[in-house]
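# Structural overview for review
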Amino acid sequence: MAPVRRRLRAAAVVGLICAMYAGLTAIAGLAGASPPAAESSGTWRAVASFPYSSSELGGVDCPSASVCLATGVNAAGLAGLVLATYDGGRRWATVEIPEGKPAGVACPSATLCELVGSGVGRARLGAIALRSSDGGRHWSPQRLPAGTYALAGIACPSVNVCEAVGIVPAGFGGVALRTTDGGEHWAVQRLPKGTGGLSAVACPSSKMCIAVGTDLHFGSVVVQTDDGGAHWSGDRVPAGTGGLTGVACPSSRACTAVGQTKSGGGGFGAGEHRAGASAGGYLAARAGPGGAVIRTSDGGRHWSSVSLPATGHLEGISCASRSECFAVGKVARGSTGEVLKTLDGGRRWEASSGPPGTGLYYSISCASTSVCQAVGTNPSGSAGDATATTDGGTTWVAEGLSGTNLLYTIDCSSPPVCEVAGVGASGTSAISLRSTDYGRSWVRRPLPGGIGYFGAPGLDCLSASLCEAVGANASGTAGYALRAVAVSRNHLSNSSAHAGLGWSVQRLPAGTGPLNSVSCASASECVAVGLDRTGKVALALRTLDRGKSWEVGQVGDVASALDAVACPSRSFCEAVGLGATKSGGFAASTSNDGLTWSAQALPPSTGELDGVTCSSARVCEAAGMTSTGFLGAALRTTDGGRHWVSQRLPATTGPLAALACPTATVCETVGVVANKAVEEGIALRTNDAGRSWGTQRLPAGITAMVALACPSAAQCYAVGQTTTTTLVLRWES
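So, here is what we can say about the structure in this document. Source: prediction; values computed, not measured.

Criteria and thresholds
Residues numbered from 1 in each chain as written. Predicted model: local features only at pLDDT ≥ 70, side-chain atom pairs only at ≥ 80, totals over all residues. Heavy atoms only, no water. Salt bridge = Lys/Arg side-chain N within 4 Å of Asp/Glu carboxyl O. Helix = DSSP H or I, 4+ residues; strand = E, 2+ residues; numbered from the N terminus. Buried < 20%, exposed > 50% of the residue type's maximum accessible area, 1.4 Å probe, protein only. Pairing = 2+ DSSP bridges. Axes fitted to C-alpha atoms, helices over the stretch in contact; angles between N-to-C directions. Disulfide = S-S within 2.5 Å.

## A closer look at the pattern of salt bridges
Within the structure shown, the criterion is met by 12 salt bridges. Linking Arg434 and Glu419 is a salt bridge whose minimum nitrogen-to-oxygen distance equals 2.3 Å. With Arg434 in strand β32 (residues 430–435) and Glu419 in strand β31 (residues 417–424), this pair connects stretches of sequence that are 15 residues apart. In this structure, Glu468 engages Arg483 in a salt bridge whose closest nitrogen and oxygen atoms are separated by 2.6 Å. Placement of the pair is Glu468 in strand β35 (residues 466–472) and Arg483 in strand β36 (residues 479–486), with a sequence separation of 15 residues. For the residue pair Glu468 and Arg483, the accessibility class agrees, reading buried in each case.

## Observations concerning the sheet that holds strand β7 (residues 113–118)
Across the sheet, which stays open at both edges, the four strands sit in the order β6-β7-β8-β9 with antiparallel pairing between neighbours. The sheet is open, and its two edges are formed by β6 (101–106) and β9 (140–141), each paired on a single side. Note: strand β8 (residues 127–132) against β9, two bridges, orientation antiparallel. Each bridged residue has a counterpart across the sheet, and for Arg131 the counterpart in β9 is Ser140.

## Side note on the sheet that holds strand β29 (residues 397–399)
The antiparallel open sheet is built from four strands, whose spatial order is β26-β27-β28-β29. Each of the sheet's edge strands pairs with one partner strand only, and the pair in question is β26 (361–366) and β29. Going across the sheet, the axis of each strand differs from the next one's by a mean of 25°, ignoring polarity. Inspection of the sheet shows strand β27 (residues 372–377) paired to strand β28 (residues 384–389) by six bridges, in the antiparallel sense. Looking at β28, one finds that Ala374 is bridged to Thr387.

## Some thoughts on the state of the cysteines
For the structure shown, the criterion picks out 14 disulfides. With its sulfur 2.1 Å from that of its partner, Cys62 forms a disulfide with Cys68. On the S-S bond that ties Cys62 to Cys68, the torsion sits near 110°, and the link is right-handed. Here Cys62 falls in the buried class, since its relative accessible area comes to 8%. What makes Cys68 buried here is its relative accessible area of 3%. For Cys614, the disulfide goes to Cys620, at an S-S distance of 2.0 Å. The disulfide joining Cys614 to Cys620 has a torsion of about 105° about its S-S bond and is therefore right-handed. Judged on exposure class, the residue Cys614 and its partner Cys620 are both buried.

Laid out in C-alpha cells, this is it:
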C-alpha cells in the first residue's frame, strides 16, 4: 500500500522472516545471546479482540435475496474467513472456520451451505470441505479422500448432492469429487486424461455438471458429465480461448463460461491470486488483454465465442435466468472492477457500471434477476470488497465489511483511557478506536476523509483529552498529521470520550511523504518523522504552535527512513530508523526542537530500529533487529546518543517492533520469536536498565506483537496478532 506499510513495522515482516527462523540457532549464538532469562513477573491477558477483515474475497453464493456467504483470506494472509450477511448486505459478520482457507461456497438452501478450499501448513498441501446447517454461522469439517490436492469450486444441485473441483499440484492436473449424502462421504471421480486444473463447476441437475479450468498451454479446459460423475468427457472449445475461471448453467442445455483470451498468457501460478482458490495460486490467471465468454445451447456439444465490449479478464459469472446473466472481472487497463450484463442468454453483452473505487471482482451470485452480490478486492488489493445491486445492475452500491485490517499503534497515557489506531476493513481508510475502561470495550471514532492509515507508532496522547497522530493517505504518497482535542473537560463521559474528541487535519509542508511516528514534548511542540514524497529519503518535521504550522528539519541524506522518535524535553529528541545504505540502523538527535539533526554511531551489528524511548535528554533505549534481520536488537545510551551499547537479549528474541520505558530502569519491548518454525509473539522486560531481560508469558496463539504502551512500571498495553484477530492485551504486575 505505501512505503510506511512496506514493513508494517518489524512484526509485519514476520511471515517472511519466521519462515527462515528454523535452524538459525547457530546465528543466535554468534550474536552473543545469553541463556534464556527467567520469566519476568506479571501477566499478559487479552482484554479486547478485533476480527480481521478479509484481504480479498474469492467466492460468494446467495441462496436468497437477504442471505449471502462470501469466502476469503484475512488481512494478515494467515487464515481463511467466511463473511455472512442476513439482511441483503447492509451488515456483514465475520465467521471463523475451524481450518484451512476457503475458495468456493455453495448454499442449496438458506440454511445448508458447503465450502471447499485448501489446507494449511508448510509440510503439506491438502483440501478441505466444511458444512454448515445454520446459514454459515457454524462450520463442521468433513473427511475427504486421501491425496494431495486443493479444491477451488463447488456446486450443490440439492441439499445432499455436491460436486467439487480443483487441482492436483503434481502435474497440475484436475480433480473432481462428489458427495451424495451431504458430505458424509466424498468420492474421487475419473476425469479424461490430460485434464488440467479446474477452477469452477456448475450443476444444473444432480446428473449433469460442467467444469472449467486451464491447461498447461494457457488454453481452456471444459469437461462435463451427464451421469453424476460416473463418466466425464472433454468438450471442444473455440480456438483462442484462454483459461476459464467461471461457469453458470441456468438449464441443462444453456451454459456460459468466462475467462480470458489465450493471447493473454494465462497460466498456473501467475498474476492475481484468487482468494484461497489454490493454496498457493495454482489456479490464478495472468492478466491478459481481454476477457473471454463462450456459450453452449445444446448441453456442451458445441461451444461458440461471444463478442464483448473492451474488457480485461473475467473471473466469475452468475445467471438468474436463461436470458439474464452477469459476468465480473476487471477493466482492460487499470485495477478497477468490471461488470458485464446480458439479457439474451449471452449472445450480446454490455457494461454495467459499478461504484467508483472498486477493485477486481472475483465472483458474483444473483438471487434473482434484480438482486446480485459481487465480491473481490479494493483497487490496491489490500482488503476485501463487496458490492450489490437491487435493480438488475442499473446501480451498484459498495457495502461496508466487518473487522479491521491491521492495528499499528496504541497509546494509554491516561488510564483508563486508551487510543488504538490502524487501518479499517476497507484497507484504504484509517481507523481510530477509543476505550474508557482499560481496553475492555472500544468505540470507533470518525476521522476526516482521505486518511489511509496511521503510522507505527504514529500516535502520542499527552492526556486523555489531547492526542497527536500521523500517517499517510491511502496510496502512501503523502503524509497526514492530525490532532484530537476534547471539547469537554469531562473527558470520561460518554459525550466526550466517544464523540467530543474529534480529529482535525493539519497542513504539512509540500513534499511530505508518509509519516511513521510522532512525539510531543508539550501541547505546543511536536516532532514527526517518516519519509519524503519520493519514499527514499528520511524526513523530520516540527511544530511549535500546536500543529498550526509545520516546518522541515535538516536531517540530510544519511538515512533512508526514520521509523520512531522520542522527545523527552522541549529541546531534545532522538529518532531512529534505517541508514542510507539500507544495510544498518540509523540514529540521530536534535537539541533545537527538531530544526537540525546530528547522526550518531551505532554498534556495527545494528539493523533497522523501529522503536525508541527516552527518560531524559541523556538516557534513551532503542529496539529493532540486527543487521542479519533474524534477531532482535536492544541498545542503550546514557550520554544523549554519543555512545550506544548493545544489550544481551534471550536467545529466542527475534525482530522487535515496539519499545516503552516508563522509568529510567524499567523497559518493555515486544516483537516476534526467533528460531521458530511457527510464528510466535514475544514480550520482554527489564527492571535493571537493560542489564538483563526476562521473557514474559503471552496468551496462546499470539503470532506477533506489534505495538506497545506502558503508562507506568506496573501496567502496559500492547497490540498482538493471531491468525484471525488483532488483540489488545494488558499486563499488570
